[in-house]
Amino acid sequence: MFSRKRAILSFIFSNCFACAAFAPGESALAQTPSTAATNSSGPAGYTGAERQQRLMEGAKKEGELMVYTSIQAPDFADVAAAFEKKYGVKIKVWRSSSENILQRAVSEGRAGRYDADVVETSGPELESLHREKMLQAVASPYLGDLIEQAIPPHREWIGTRLDIFTFAYNTKLVKPEDLPKTYEDLLDPKWKGKLAIEADDSDWFASIVTQLGEAKGIKLFRDIVAVNGISVRKGHTLLTNMVASGEVPLALDVYNYKVEQMKKQGVPVDWFAITPAIAAPQAVAMFRHAPHPNAAVLFFDFMLSDAQPILQKHHFVMSGKKMMTPLSDMPLKFIDSKVTLDENDKWSKLFEEIFIKHAAK
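Cut-offs applied
- Residues numbered from 1 in each chain as written.
- Predicted model: local features only at pLDDT ≥ 70, side-chain atom pairs only at ≥ 80, totals over all residues.
- Heavy atoms only, no water.
- Phe/Tyr/Trp six-rings, centres within 6.5 Å; stacked < 30°, edge-to-face > 60°.
- Helix = DSSP H or I, 4+ residues; strand = E, 2+ residues; numbered from the N terminus.
- Buried < 20%, exposed > 50% of the residue type's maximum accessible area, 1.4 Å probe, protein only.
- Contact = heavy atoms within 4.5 Å.
- Polar contact = N/O pair within 3.5 Å; in protein donor to acceptor, adjacent residues only side chain to side chain.
- Core = buried A, V, L, I, M, F, W, Y, C linked by side-chain atoms within 4.5 Å.
- Salt bridge = Lys/Arg side-chain N within 4 Å of Asp/Glu carboxyl O.
- Expected span 1.5 Å × (residues − 1).
- Arc of directions from axis to C-beta.
- Pairing = 2+ DSSP bridges.

How two aromatic rings sit relative to each other is set out by the distance from centre to centre and by the angle between their planes. Under the definition given, this model contains 20 aromatic pairs. Measuring from ring centre to ring centre gives 5.7 Å for phenylalanine 167 and tyrosine 183, while their planes differ by 40°; the resulting arrangement is tilted. Placement of phenylalanine 167 in strand 5 (residues 158-170) and of tyrosine 183 in the loop between strand 5 and strand 6 (195-198) is noted, with a sequence separation of 16 residues between them. Judged by relative accessible area, phenylalanine 167 falls into the buried class, the value being 1%. Using a relative accessible area of 4% as the deciding quantity, one classes tyrosine 183 as buried.

Next up on the list: helix 6 (residues 123-131). Helix 6 sits mainly inside the fold: nine of its nine residues count as buried. Phi turns positive one or two residues past the end of helix 6, at lysine 133, with a value near 60°.

So, on to the environment of isoleucine 278. By secondary structure assignment, the location of isoleucine 278 is in strand 10 (residues 277-287). In this view, isoleucine 278 contacts Asp163, Ile164, Phe165, Trp204, Ser207, Ile208, Gln211, Lys333 and Ile335; residues no more than four positions away in its chain are not counted.

The next thing to look at is the environment of aspartate 253. For aspartate 253, the location among the structural elements is in strand 8 (residues 250-255). Aspartate 253 sits in the buried class, given a relative accessible area of 0%. Taking the C-alpha atoms as reference points, aspartate 253 and phenylalanine 165, 88 residues apart in sequence, are found 5.3 Å from one another. Once you skip the residues sitting within four places of it in the chain, aspartate 253 turns out to touch Phe165, Thr166, Ala196, Ile197, Glu198, Asp201, Trp204, His236 and Leu239. A distance of 3.1 Å separates the side chain of aspartate 253 from the backbone nitrogen of glutamate 198, its partner in a polar contact.

This paragraph deals with the nonpolar core. For soluble globular proteins, the rule of thumb is that nonpolar side chains tend to be buried together. Counting residues in each nonpolar core, the largest one holds 74 residues, and the members touching the most others are Phe205, Phe221 and Phe299. Residue contributions to this core peak at nine residues, all from helix 11 (residues 293-304). Residues contacting phenylalanine 221, with those up to four places away along its chain left out, are Tyr183, Trp204, Phe205, Ile208, Val209, Leu212, Leu252, Ile354 and Phe355. In this structure, Ala196, Leu239, Ala244 and Val259 belong to the second largest nonpolar core, which totals 20 residues.

One pass over the full model with this rule turns up 21 salt bridges. The closest approach of N and O atoms between arginine 161 and glutamate 120, which form a salt bridge, is 3.0 Å. Of the two residues, arginine 161 is situated in strand 5 and glutamate 120 in strand 3 (residues 118-122); the sequence distance between them amounts to 41 residues. Linking lysine 263 and aspartate 270 is a salt bridge whose minimum nitrogen-to-oxygen distance equals 3.2 Å. Under the relative-accessibility criterion, lysine 263 is labelled partly exposed at 32%. Connected through shared salt-bridge partners, Arg104, Glu108, Arg113 and Asp115 make up one network.

Taking 1.5 Å per residue, 15 residues should reach 21 Å; helix 8 (residues 214-228) reaches 21 Å between its end C-alpha atoms and fits that length. Every buried residue of helix 8 is accounted for by Gly217, Ile218, Leu220, Phe221, Ile224, Val225 and Asn228. The arc that holds every buried residue of helix 8, seen down its axis, measures 160°, which confines them to one face. Those residues of helix 8 that are exposed and aimed more than 90 degrees away from the buried face are Ala215, Lys216, Lys219 and Ala226. Looking at the residues trailing helix 8, positive phi occurs at glycine 229, about 75°.

So, about the pairing of strand 10. Counted residue by residue, strand 10 has 11 buried out of 11 residues, so it is predominantly covered. Here strand 10 shows two buried faces, one formed by Ala277, Ala279, Pro281, Ala283, Ala285 and Phe287 and the other by Ile278, Ala280, Gln282, Val284 and Met286. Taken together, the two bridges between strand 4 (residues 135-136) and strand 10 define a ladder with antiparallel strand orientation. Among the inter-strand pairings, leucine 135 is bridged to a residue of strand 10, identified as phenylalanine 287. Note: strand 5 against strand 10, seven bridges, orientation antiparallel.

In structure tokens:
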């Protein structure tokens, strides 16, 4: 099995005409906020007391906007409804995986087709679009309300929420006192045939391994697979559902919000973390050639403000400083988008070698 994320990122960078603007290994994150400000034009660069009124008048004339998103449809529906009620602007949505969104956006951009206004998906994919010079910074007055990790220096995408990678376990099959307290505990033979991971999480794997120490971490996971095996499942929601059904007693890398949603429905599943837990930014960005720029800026602002409590009710961990959750005080390690992109080939190959090829035997 060849990692879909690896394949798509290889497609991006093998044909990338914007990446040449950066020195080998240099991240676009090295740009300064002042550089980002000069990239904004039109409604994205509006500031001052009349900003909101100008945006609302422009959006009313535009009447609609198109959003590409990877958030689950039921979760996004409440956001869209609230935005439409507030501004009277219709939202059109195309929903898919972050990898598919990246591939579609790049293909459309290179073809000179500009249908989408805003994209809401994972940080590394948005960093790829930044490197393709397809995004623009928005002079939003809400940036100060967010945690600092949500704002890359170039400001062309802004983190709205965090996907926290946690373990998930079936509460009928695993007792709380038996849960592992370290990754080394997964070597215990009692976990033989009971472990699983998601098929595309090489960035999670890279973060865990570098946290443990690269040589030590790689050896540890090789040993866990050799001793107890780790099955591989495609999709975090699918993996969480399999934990809930009992087919997978213990999963290593699910999103905690999905477990919380299931718990509220009485499903026998719970989560825990070996800290520091790995956090992946989910973010919003405005396309440089957005056909409905006023509506796009309003929606960008909305995701940093009104949408924060709406999504928190769906058990997401939000990037707003005031959006406190049980995870707010948990030590976190943020996935580095630079590592995800610039070292993707290395970590994807290791992930495939250690987990996917072994699971296929």
